[in-house]
Amino acid sequence: MLIQILTLFPEMFDGPFNCSILKRAQEQNLVEFRYHNFRDFTTDKHRMVDDSPYGGGSGMVLKPEPIYRCLQAVKKDRPLAKTILMTPQGAVFDQKLARQLSAEEHLIFICGHYEGFDERIRQWADFELSIGDYVLTGGELAVMVVCDALVRLIPGALGSDESAVRDSFTGSLLDFPQYTRPVEFEGSAVPELLLSGHHAKIEAWRREQAIVRTAQRRPDLLKDANLTEAEQRFLME
Ligand code: SAM
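Along each chain, residue indices are assigned from 1 in the same order as the chain's sequence is written. In keeping with the model being predicted, local features are shown solely for residues with a pLDDT of at least 70 and side-chain atom pairs are shown and tallied solely at 80 or more, while totals for entire chains, interfaces and linings include all residues.

The protein chain carries the name tRNA (guanine-N(1)-)-methyltransferase in an unreviewed UniProt entry, which gives Hydrogenispora ethanolica as its organism. Comment text from UniProt for the protein chain, heading Sequence similarities (unreviewed entry), reads "Belongs to the RNA methyltransferase TrmD family." UniProt positions are given in the numbering used here, feature names are shortened, and annotations may be inferred rather than shown by experiment. Database annotation for the protein chain, UniProt heading Subunit (unreviewed entry): "Homodimer."

Quick look at the structure:
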């Protein structure tokens, strides 16, 4: 997968995208990131990317020309690449979208900054994406969140592809509780069943725990969880 990011601050990606699973995914050629500073596509001597808003008001607005030129250059060889504009006004990102995006061959993200974009920029995006109902200073952190979530879903990116299958939000249930060594710590013990080696019982316990946990923390998810009648009865008890 090729991910191209249009940003005024490419250096922001240096650290986060060069460690752990994202680093390994790039080393394995599962994903390649390219950064494009749209300031390089200005033509005036001050290399201006923003200007004050028509109609007055505070803050600066990103000008259309540098982003347009940058996008044209990036899309030249790959006109079908999906272009995503990062904005708090977009569709709210979730695991389902992460999975859909992880199947794409080529994505382009546009990061805003300052007060946002000149409205005409919106028409060049295939869709607009938000990472939640709050306002960041720029789209870079939002793109990092989106890319982190989608890259780990590319087959081969995680040590075992099974880890992603069981994740919260993948099958409408939150993940079940996990334990590792030691068996007992500060008076708190690992549930005995997990030490039994009885795989069928462990599976059943995990499913039950995931259902209970979802019911307690995110009951809104249960409507899509396809619970069996027995599981529904168990929840009522
Ligand atoms: N004035 C804009 C508004 O209220 O819609 C917010 C502009 S924000 C300060 C600057 C840039 O940060 C946005 O253009 C966008 O690219 C990015 N951004 C801020 N919050 C975001 C969010 N929740 N999700 C995705 N991008 C966000």
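Novice: Please clarify how the site of the ligand should be interpreted in this entry.
Specialist: The ligand sits among 20 residues. The nearest are Pro88, Gly112, Gly116, Gly139 and Ala142. Counting from the N terminus, the helices are DSSP H or I runs at least four residues long and the strands are E runs at least two residues long. The element best represented in the shell around the ligand is strand 5 (residues 82-92), accounting for four residues. Across the shell around the ligand, the residue classes break down as nine nonpolar, 10 polar and one charged. Placing the C-beta atom from the backbone, one calls a residue near a molecule or strand if that atom lies within 6 Å of it. Residue classes follow a fixed rule: Ala, Val, Leu, Ile, Met, Phe, Trp, Tyr, Cys and Pro count as nonpolar, while Asp, Glu, Lys and Arg count as charged, and any other residue, Gly among them, counts as polar.

Novice: Honestly, the UniProt feature "binding site: S-adenosyl-L-methionine" (unreviewed entry) in the protein chain in this entry has me stumped. Any pointers?
Specialist: In this numbering, the UniProt entry assigns the feature "binding site: S-adenosyl-L-methionine" (unreviewed entry) to Gly112, Ile131, Gly132, Asp133, Tyr134, Val135 and Leu136. Looking at the secondary structure, you find Asp133 in the loop between strand 7 (127-130) and helix 4 (140-151). Examined against the element boundaries, Leu136 turns out to sit in the loop between strand 7 and helix 4. Counting other C-beta atoms within 10 Å of its own, a residue is labelled buried from 20 upward, exposed at 12 or fewer, and partly exposed in the gap between, with every C-beta atom placed from the backbone. The exposure class of Leu136 is partly exposed, given the 17 C-beta atoms found within 10 Å. Placing C-beta atoms from the backbone, we regard two residues as in contact once those atoms come within 7 Å. The residues touching Leu136, leaving out its near neighbours within four places in the chain, are Leu141 and Ala142.

Novice: Mind showing me how you'd approach the nonpolar core here?
Specialist: Note on soluble globular proteins: their nonpolar side chains tend to be buried together. In terms of nonpolar packing, the biggest core is built from 41 residues, with Leu6, Met86, Phe109 and Val143 touching the most fellow members. Counting residues per element, the ones that place at least two in this core are strand 1 (2-6), helix 1 (20-27), strand 4 (61-62), helix 2 (64-75), strand 5, helix 3 (95-102), strand 6 (106-110) and helix 4. Looking at this core element by element, the count peaks at seven residues for helix 4. In contact with Met86, other than residues within four places in its own chain, are Phe109, Ile110, Cys111, Gly112, Leu129, Gly139, Ala142 and Val143. By our criterion, buried Ala, Val, Leu, Ile, Met, Phe, Trp, Tyr and Cys residues that link up through C-beta atoms within 7 Å make up a nonpolar core.

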